[in-house]
Structures are given as structure tokens and as C-alpha cells.
Amino acid sequence: MKKKAYRLPMILGVILLTLNNVVSVGALTTTVTNRSDSISLAGSNGYFPQALIYQELLGVPDTLIADRFNPIIMARRQLDSALPRYKSAGWNGLALQYFDAPWLNGPSGLNNQSAICTSSQRNAYVWGNSITMTGAEFCNLHDAIVTKSSLPEFPQLFPTENWFVHNANGRISRNVGITQYRVNLGNPDVQKWFVLVARRELGKSGKATAGGVFWDDVRDNPPTSLEYPSRSLWESAIIEFLKAMQQGLDVPSWANLNYCDEFFLPVMQYLDGAMIEVWGLDWSGNPYTVAEQKKQLDRIDQGNKPVVLMVQGKADQRYQLYTLGLAYLVDDWSYFYYSGGNAYYSLPEYEYQLGAPLGERWEISSGIWQREFQNGRVTVNTNNRSATIVNGQTQLPPSLTPTLVITSGPASNTPLPASPTPTPGIASPTPSATAVTVQSTVTALPASPTATVVVIPPTPTNTEPVVLPTATQTPLLTFPTPTHTSLPPTATTTATNFVPPNSPTPVPTKATNGSGLETIFDDKDIAFAYTGNWEDVKNRNAYKNSYKMTYQDGASVTLNFTGQSFSILYNGGRAFSKMNVYVDGTLVGSINQQQKAAAQLRWDYPGQLASGSHTLKLVFVSDKTVATQTKGSFDAVIVR
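Reference entry: report on the structure contained in this document.

Right, let's talk about the sheet that holds strand S3 (residues 50–53) for a bit. Within the open sheet, the 8 strands sit side by side as S3-S4-S5-S9-S10-S11-S12-S13. Their pairing is parallel. Edge positions in the sheet fall to S3 and strand S13 (333–338), since each of these pairs with one other strand and no more. Put simply, the sheet's adjacent strands are angled 20 degrees from each other on average, direction ignored. In the sheet, strand S12 (residues 307–312) pairs with S13 via 6 bridges, with the strands oriented parallel. Each bridged residue has a counterpart across the sheet, and for Gln-312 the counterpart in S13 is Tyr-338. The strands touched by helix H2 (residues 76–88) are S3, strand S4 (69–74) and strand S5 (95–100); relative to S4, the strand with the most contacts, the crossing angle is about 150 degrees.

As C-alpha cells, then:
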């Protein structure tokens, strides 16, 4: 935090899947929680998810915490006090234990190692939000340095003066106002100590045990220190510290990175989540430029981890709706409007149930962004710092309405009824703190070439049917369709917008040969063999509501099938790259998955294979020349 004080409650949106595990370090054995391979946002009731950081919210009942807040991030004492109460109200989520990483709480008068602690120093009350949570714990460290002995709790560790950061005069760097001492996070023995203490805390029996850790203020740079005379040296030490925490703790590890600048991406690979403390506004409460805000949005996309977006706002809530709208543009996001104290500044828009996003954001005009949700739309204008959040079902403008083509008979182009112009927004009542909200003017996208929606026909009665969507179904957003140039046959293939069946009815898992029937293999089918790192992504527009995504160059998926042709369903968007298509070891095409906006698409193999068994292999190829094109996706295969 910029100012040292107890940390404020903040709103976060993350759900972590956890499993109990037993970990041993020397004589220490603790029960901890495994880090999830995939961390994702989830809002079970359609509200944007929230979490509680450090302190309880004034005037917010426990029942509301239990209903909408997850995870809870607090220091040990706050967890012990509040978490049992929240659980009694029905809360059943993830708790992360807070640590003020670069500082050790301790008694006053100990910023040099000349004598052991006095009795009064050992019994002194200190804040409980650092690795040393009592005066006695700090004195155990201090006395071990003075007497050149090991730590009583961890006899394998022998602390030295090098465990601290020192000012130019050689004295330990100290925060005099609240009696904290700056610890050297780059010291390997200090890192081991942090891991051991964190594991002890996470394994406390009879306590409100957390399932992960949150490291605050890791970028709080030592001023003119002997060990770290430059910020770059300190940031290198921070990376080593977070790497050690990731390797030593089998639990989610989060950190406050303060800014979303050039340091953000290098460090995110060693974290499961991060906090940006100056989101949308700088430390003085002034909005960022249009260009800088776009850079921050792009960095969060590339980081591919959940983020806490904290706003250094004002009590008049002038930019609260604008910064909330910015948050809606991000995946795996959270939001908190900070204005001093532990007050909770709400908005009417907090009650909106927008549901899950239907795709990624897109820039509809210079500096104006928009994103569609299951039950609404968010538009943000970074030019005049305004936002509109529409609550309720939205429809596409006529220029974006696709046509519907039924492939079970002769091709036809029967257009859907034109959708009305989008509602400009729902006027929000004025918050109690008198928020000033400027509604943005949304510039519509230019008319795009009409895309086709390919719908799979129902299968005969001897197989379980795939339900055909009706023509009145709200279509996906459609943009100019990419043309895919493939190897033989030489015919040009076109990706088409795919509308998945609504029915959860399972489809056959073995292909039918020679009868003209189609069989859909979902990405979770056991017939697929995956190599590399893939993760599941939930999306209601995907076949069976999810698809696979990878960030690893060369990751592949293979299917052995019997048939003479096939189609590939996949997800496209701004950050997607290419997928090479191989049949029986021969490259037959390359799918460019990049789109102006997120869409569920279909790629059709243009040729005819010999009757019999074949091997289909998809290989992700990232575009190394474009830093933002890092994703590859796969949803299903249709075999004919």
C-alpha cells in the first residue's frame, strides 16, 4: 500500500479449486491446499464476484458476505475473528492469509543487533500481518543474530545481519511510525524461513486456516539501501522471492504488484493472482491517458491470471462507474473503490446480474470499448472517462445480424429479423455518496460482411439427437470471416460462425462411416490425446459450454477417426494465433484464429478423404512476431 495502515476490504472475483495435501519439510508436516492448475472467475448468481481483503466491511451483513464474497484475504487475527462467523452464515470459499512481505513487525529499539531483547520487548504488542506476528517471534530472530545461534522453531536456520536491509548508515531500515523492520527478501535463507512460517500458519489446527497466501507491498522499494541501490536490483530480488514461494508452497500465491507497468508480465509467471493498486486512476486520482490504459488492458490479457483492480478514488465517487466499467473489460478481474477508511462505497450497478461474458472486449471506435454479457452490455469511453452498464438482455444492431444457413438441404440464405438498435443504457439512481456519472456516446461498428451460421442437423433416431437451434435464437457477434489457405486440396476454406446445440444431450463418441451422418466429438471426449498444457474454458456459446485453450507453442491434440471429411470447431478472438491441421501426418491447412472480437467458429476440411481410418492432429503455432497473439483453442470435431 502507498500509506502504511491496515489493509482495506476490497472486491475480488476468483474461485480456486483446491485439494488437501500433506507436505513435509524436515521435521515440519502440515496440511495445505494444492495450487489449482487453472484459476478462473466464477459468478454463480450472475453478480460480479467479490472478495474481502484484510478488514470487515462496515455495515455489510455476514449473510451478504457469504452470498457474494469469495475469496476472503485477511491476516491471521482477522481470519480467526471473522471467518468462523462467515462460515456460520453459509460462506464456503477460499481464504488467503495476508502477509506484509517486505516488513517484519517487531518491538521498537531493535534496528541494530547490539543486545538481546528485554522482557518488555518480548511481550510487546505488534501487528499480526507479517511473518513475525508477535513481539516474541521477532525477538527470537533478533536474539539468534546477536548470539549467533539458530532459530528455536526452525533449528536448521541460522539468521544473520544479512537477513535485513540496511540504510546508508548501516542500520536496519525501519518504518518508525509503526515499528516495522525491512527484511531482505532476496536472501535465500529468508525465503526458506518465509516458506516454513507460511506452511506452519496454513497447517494450524483449530484455527480459521487459510488455503493460500497473499504477499503485500512486494514492490515497496528500499530507499537508498546498501543491498539494493536501484529499483531494478530490488525487483530482481522480488522475482526470486516469489519464485521461491511458488516452488515451496503448494497453495495459491498472490501478491500486490502496485502497478500494471513493464514489471507486471515478468513476475506474473510466478504468481497465481495479483493486485494492481492504481487501476484506472494514478495515486493522485487522475485517469490514465487513453494509450496507457490500453497498454494496461493488454498486459492483463497477456498475464492470463486473475487480478484485483484497486482504484485510488475519492469520496465523491466521480470515477467509480468508469473504473468499474474498465474492470468489466478484463477477464478474471476484481474491483475495489478505495477512498480512505474501511467504508464500503457501493453503486446501483453492483446489483446488476450481467452473468458471464459472451466473448472478449472489442474497440468499437478509437478509445471506446464494448463487451457483451449474458444479461447485459458494458461500454467504456476512455476519451471522456465514462461508462455505461446496461442490465438486461441485449440485441445486436442490424449491421451485425448474421444469416442462418441450414445445411441439411439445399443452401439458403434466410436472414433473421433485424435486431433493434441497442438500448443506450439504464439510468442509474444517484448513489448515496453523490456519484457523478457521465454516460458515454457509443459509436456503432461499421457494417460487416455477412457471416454464415452453420447449424448441425439432427441425427437419425438410431443415435442420440443434436438439437437444432431456432431461427429466433440471439446470434453471436459476427465480424469479417477469415479466409484460411490450406494445402491440397487447393480450395479456399472459410471459417463460419457456429451456433452450438442448446441441448445437453450427449452425442455419440464413435464416428459413423459411409452413411452421410455426422458425429460430434467434444473436446473432453476420451478419443482425444493431448500433448502440452491445455486448460478448460467455460463459455456458454461453446459446444457443451466449454472449450480447450493453450498458450504453449507446439501443444497438440490428436484424434483417430473413421470417415471421409471433418470440421473443426474453435474459439477465436484478438489474442488468438494459428492452429496447423494435419491429416495422416500431412499438413492440410492452417487456421488463423485471430478475430476482432470473440466468436465460436467452424473450419471445414475442403476435400474428400479415402474411405477408412485416419488420424487428425492439430498443432498450436503462436505468432512470435505479435506479442498479443498468444492463445490457441479447440472445441470439437465433426466427422462425416
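From this point, things continue past the structure.
Attention shifts here to the packing of aromatic side chains. Inspection of every chain in the model, using the stated rule, returns 21 aromatic pairs. When the ring of Phe-99 is compared with that of Trp-215, the centres are 5.2 Å apart and the planes differ by 25 degrees; the resulting orientation is stacked. Of this pair, Phe-99 sits in strand S5 while Trp-215 sits in strand S9 (residues 212–216); the two residues are 116 residues apart in sequence, bridging distant segments of the chain. When sorted by exposure, Phe-99 lands in the same class as Trp-215, which is buried. Between Tyr-328 and Phe-373, the ring centres sit 5.3 Å apart and the planes meet at 80 degrees, which makes this aromatic pair edge-to-face. On the criterion of sequence distance, the pair formed by Tyr-328 in helix H9 (residues 320–328) and Phe-373 in strand S15 (residues 368–373) is long-range, its members being 45 residues apart. Summarising the burial analysis for this pair, Tyr-328 and Phe-373 share the class buried.

What follows deals with the state of the cysteines. The final tally for this structure, using the stated rule, is 1 disulfide. One disulfide bridge connects Cys-117 with Cys-139, the sulfur atoms lying 2.3 Å from each other. Its S-S torsion of approximately -95 degrees makes the covalent link between Cys-117 and Cys-139 left-handed. Note that Cys-117 is positioned in the loop between strand S6 (103–105) and helix H3 (119–122) and Cys-139 in helix H4 (residues 135–147), a separation of 22 residues in sequence. With respect to class, Cys-117 is no different from Cys-139; both count as buried.

At a minimum axis separation of 10 Å, helix H5 (residues 188–202) and helix H6 (residues 231–248) run at an interaxial angle of 40 degrees. Viewed along their axes, H5 and H6 adopt a mutual orientation that is oblique. Seen along the crossing, H5 lies across H6 with a hand that is right-handed. Note on element contacts: H6 touches H5 through Glu-240, Phe-241, Ala-244, Met-245 and Gly-248, opposite Gln-191, Phe-194, Val-195 and Arg-199.

Let us now look at the pairing of strand S31 (residues 586–592). Where strand S30 (residues 578–583) lies against S31, 6 bridges are found, and the strand directions are antiparallel. Paired with Lys-578 across the two strands is Asn-592, which belongs to S31. If you look at the hairpin formed by S30 and S31, you'll find 2 residues sitting between the two strands, and Asp-584 has a positive phi there, around 55 degrees.

Moving on, we come to the sheet that holds strand S33 (residues 613–621). Pairing between the strands of a sheet is mediated by backbone hydrogen bonds and can be parallel or antiparallel. On the basis of which strands lie adjacent, the open sheet formed by 5 strands has the order S25-S28-S33-S30-S31 and antiparallel pairing. The strands lining the two open edges of the sheet, one partner per strand, are strand S25 (528–531) and S31. The sheet shows a mean angle of 20 degrees between the axes of neighbouring strands, direction not considered. Where S30 meets S33, 6 bridges bridge the pair, whose relative direction is antiparallel. Paired with Asn-580 across the two strands is Val-619, which belongs to S33.

It is worth spelling out the environment of Cys-117 at this point. In this structure Cys-117 comes out as buried when scored by relative accessible area, which is 10%. Sequence separation between Cys-117 and His-142 is 25 residues; the distance between their C-alpha atoms is 7.4 Å.

All told, the structure shown has 28 salt bridges when counted by the stated rule. A salt bridge links Arg-200 to Glu-153; the nearest nitrogen and oxygen atoms lie 2.7 Å apart. Taken as a pair, Arg-200 in helix H5 and Glu-153 in the loop between H4 and strand S7 (174–175) lie far apart in primary sequence, 47 residues in all. Residue classification places Glu-153 among the partly exposed residues on the basis of a relative accessible area of 45%. Between Asp-536 and Lys-524 there is a salt bridge; the shortest N-O distance is 4.0 Å. Here Lys-524 lies in the loop between strand S24 (519–522) and S25 and Asp-536 lies in strand S26 (residues 535–538), a separation of 12 residues in the sequence. Take Asp-536: its relative accessible area is 43%, and that puts it in the partly exposed class.

Reading the values: rules and limits
- Residues numbered from 1 in each chain as written.
- Predicted model: local features only at pLDDT ≥ 70, side-chain atom pairs only at ≥ 80, totals over all residues.
- Heavy atoms only, no water.
- Pairing = 2+ DSSP bridges.
- Helix = DSSP H or I, 4+ residues; strand = E, 2+ residues; numbered from the N terminus.
- Axes fitted to C-alpha atoms, helices over the stretch in contact; angles between N-to-C directions.
- Contact = heavy atoms within 4.5 Å.
- Phe/Tyr/Trp six-rings, centres within 6.5 Å; stacked < 30°, edge-to-face > 60°.
- Buried < 20%, exposed > 50% of the residue type's maximum accessible area, 1.4 Å probe, protein only.
- Disulfide = S-S within 2.5 Å.
- Parallel < 35°, antiparallel > 145°, perpendicular 65-115°, else oblique.
- Left-handed = near helix turned anticlockwise from the far one by under 90°.
- Salt bridge = Lys/Arg side-chain N within 4 Å of Asp/Glu carboxyl O.

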